[in-house]
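Here are the chains, one letter per residue:
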Amino acid sequence: MGLAILLGLFALFTLSGVPVAFALGISAIASFMYEGLPLMIGFQRYVSGMSAFSLLAIPFFIFAGELMLHGGIAARLVSLASAAVGWMRGGLGQVNVFSSMLFGGISGSAVADVSALGSLLIPVMKKKGYSADYAVNVTVTSSIAGIMIPPSHNMILYVVATGGGISVANLFIAGVVPGLLMCVLLAVAARYVAVKNAYPTEEFPGWKVILLSFLGAVPGLITAVIVVGGALSGIFTVTESGAIGAIYAVLITGLVYRSLSLSAFWVAVIRSVKTTAMVMILVGCASAFGYMLAMYEVPKVLASSLTSISDNPIVILLMMNVMLLVLGMIMDMAALILICTPIFLPVAVSLGMDPIHFGVMLMMNLGLGLCTPPVGGCLFVGCAIGEVPIQKALRTIWPFYLAILGALMLVTFVPSVSMLLPQWIGL
């Protein structure tokens, strides 16, 4: 009965449009009351969930990403991508994917990617003769690079959800190759659609233009080097790397590029505070919800259910992926990371999967949920910018879905895709 109350109230509130964080918190409190547990324990779980030291890195990463968004770095990255790959057939589609790869490695946010690059590229693509749904589909699906390529605050949430047993730096570096692989497959899909529809191509600008564009983008690209390199080298902790990255972003956008106005800086601050508050509330409520799931032995029951269906690791991993894909369609990614990690990670580990490998698979799987209805945040933002009905975009987005699913299958069943780089570096 207690589990029914917990899951039933959560489903009811979520379907009623209540924010996920509050749905988690209220259903957890109701279960505490039903079990006769002191409410003080519940509030302790809320507070302890938000007190993890590694969470301190999240506001710094969010702030750095907002500064990049409002400080003009995205425009310079687009210029570099356009010079490098814009000459191909359907070149602006390739530019979109390449720009997402570059900007994702700086902002660490898929929604920020769609907001920044979509505002720059979607109107230009439509003006150049590309269909609006193609422009939106490329922008939306390539934005997942912001989740896979470090730094990514969603990866920090995963580490917190595991109980802190793995290194954030290890997970960061493990996401690089899968992120690049996914972008390559998306670029192939973008070219396939562009050739099929005979979209226009651009002239090759020359190596001089490429070099100048690269030099203009270097100061912004160094942000990712500082954040990731500092953490991997041991010079900084992940939190310190995020703080230094944010300071560097202020200096670059304000003093070097001179593109960050006081009003834009204020907007970046306000949005960072709001996003951080939302994340922290979600973490606290999910901690209490997870406590009740553990008390009702949901992870153990689910593991038994999966293994009772089949003892084949391939079948079990496929079932896990399908369940995560379905959940990603109906719930927010951050909430799913906090809820699903304690449930599915023990199952994955029992199959011999490394927690870092599972984390990369989880990021890519749930990232796809940001591009799918009914709650795909990236899909909604992209369609709003491109002024395209969601139904129209979904009719032509399937080649890009297939590209991401292909990358997901490789990540799931070929461990070296995720683990080779960390092992090579010696992490």
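Just so you know, these numbers come straight off a predicted model, no measurement behind them.

Novice: Would you take a moment to explain the packing of helix H8 (residues 132-142) against helix H12 (residues 176-196) for this structure?
Specialist: The axes of two packed helices give the description: the angle between them and the distance between them. At a minimum axis separation of 11 Å, H8 and H12 run at an interaxial angle of 175°. It follows from the interaxial angle that H8 and H12 lie roughly antiparallel. The segment H8 lies against H12, with Tyr134, Val138, Thr141 and Ser142 engaging Leu186, Ala190, Val193 and Ala194. The residue makeup of the contact of H8 with H12, split by class, is six nonpolar, two polar and no charged.

Novice: Please clarify how the environment of Ser119 should be interpreted in this entry.
Specialist: Along the polypeptide, Ser119 turns up in helix H7 (residues 110-127). Residue classification places Ser119 among the partly exposed positions, given a relative accessible area of 44%.

Novice: Looking at this structure, I do not really get the packing of aromatic side chains. What am I missing?
Specialist: Describing an aromatic ring pair means giving the distance of the ring centres and the angle of the ring planes. Counted by the stated rule, this structure contains six aromatic pairs. For the pair Phe10 and Phe289, a centre-to-centre distance of 5.3 Å together with 50° between the ring planes defines the contact as tilted. Remark: Phe289 occurs in helix H15 (residues 262-295) and Phe10 occurs in helix H1 (residues 2-15); sequence separation between them is 279 residues. An identical accessibility class is assigned to Phe10 and Phe289; each is buried. With centroids separated by 6.2 Å and ring planes inclined at 55°, the aromatic side chains of Tyr134 and Phe400 adopt a geometry described as tilted. In this pair, Tyr134 sits in helix H8 while Phe400 sits in helix H22 (residues 398-413), placing the two residues 266 residues apart along the sequence. Among the aromatic side chains, those forming a connected cluster through ring pairs are Tyr130, Tyr134 and Phe400.

Novice: Looking at this model, I keep getting lost on the environment of Tyr46. Mind explaining?
Specialist: Inspection of the secondary structure assignment puts Tyr46 in helix H3 (residues 39-50). Setting aside chain neighbours within four positions, we find Tyr46 in contact with Gly25, Ile26, Ala28, Ile29, Gly284, Cys285 and Ala288. At a separation of 2.7 Å, a polar atom in the side chain of Tyr46 contacts the main-chain carbonyl oxygen of Gly25.

Novice: What is the right way to read unusual backbone geometry from this model?
Specialist: Excluding glycine, most residues fall at negative phi; most peptide bonds, likewise, are trans. Positive phi, close to 55°, is recorded for Glu387, a residue that is not glycine. Relative to the helices and strands, Glu387 resides in the loop between helix H20 (377-386) and helix H21 (390-396). Residue classification places Glu387 among the exposed positions, given a relative accessible area of 68%.

Novice: Would you mind showing me how to read the confidence of the model for the protein here?
Specialist: Reading fine detail from the predicted coordinates is not recommended where pLDDT is low. Summing up the model confidence of the protein, the mean pLDDT is 81 and the portion of residues at 70 or higher is 95%. Across the protein, element-level confidence peaks in H22 with a mean pLDDT of 94 and bottoms out in helix H5 (residues 73-85) with 73.

Novice: Whenever I open this one, the nonpolar core confuses me. Can you help?
Specialist: Nonpolar side chains tend to gather and get buried jointly when the protein is soluble and globular. Judged by nonpolar contacts, the single largest core of 145 residues is most densely connected at Leu24, Tyr134, Tyr158, Met320, Phe358, Met363 and Phe400. Considering every element that reaches this core, the biggest residue donor is helix H18 (residues 333-350), with 13 residues. Apart from residues no more than four positions distant in its own chain, Leu24 is found in contact with Phe10, Leu282, Cys285, Ala286, Phe289, Ala335 and Ile339.

Novice: Where do I start with H3 in this structure?
Specialist: Note that an α-helix has 3.6 residues per turn; residues three or four places apart therefore point the same way. Given a rise of 1.5 Å per residue, 12 residues ought to cover 16 Å, and the 17 Å separating the end C-alpha atoms of H3 matches this to within 8%. Looking at H3, one finds that the buried residues are Gly42, Tyr46 and Gly49. On an axial view of H3, the arc spanned by its buried residues comes to 75°, and they lie on one face. Packing partners of the buried residues in H3 comprise helix H2 (20-35) and H15.

What counts, and at which threshold
- Residues numbered from 1 in each chain as written.
- Predicted model: local features only at pLDDT ≥ 70, side-chain atom pairs only at ≥ 80, totals over all residues.
- Heavy atoms only, no water.
- Axes fitted to C-alpha atoms, helices over the stretch in contact; angles between N-to-C directions.
- Helix = DSSP H or I, 4+ residues; strand = E, 2+ residues; numbered from the N terminus.
- Parallel < 35°, antiparallel > 145°, perpendicular 65-115°, else oblique.
- Contact = heavy atoms within 4.5 Å.
- Nonpolar A, V, L, I, M, F, W, Y, C, P; charged D, E, K, R; others polar.
- Buried < 20%, exposed > 50% of the residue type's maximum accessible area, 1.4 Å probe, protein only.
- Phe/Tyr/Trp six-rings, centres within 6.5 Å; stacked < 30°, edge-to-face > 60°.
- Polar contact = N/O pair within 3.5 Å; in protein donor to acceptor, adjacent residues only side chain to side chain.
- pLDDT = per-residue confidence, 0-100.
- Core = buried A, V, L, I, M, F, W, Y, C linked by side-chain atoms within 4.5 Å.
- Expected span 1.5 Å × (residues − 1).
- Arc of directions from axis to C-beta.

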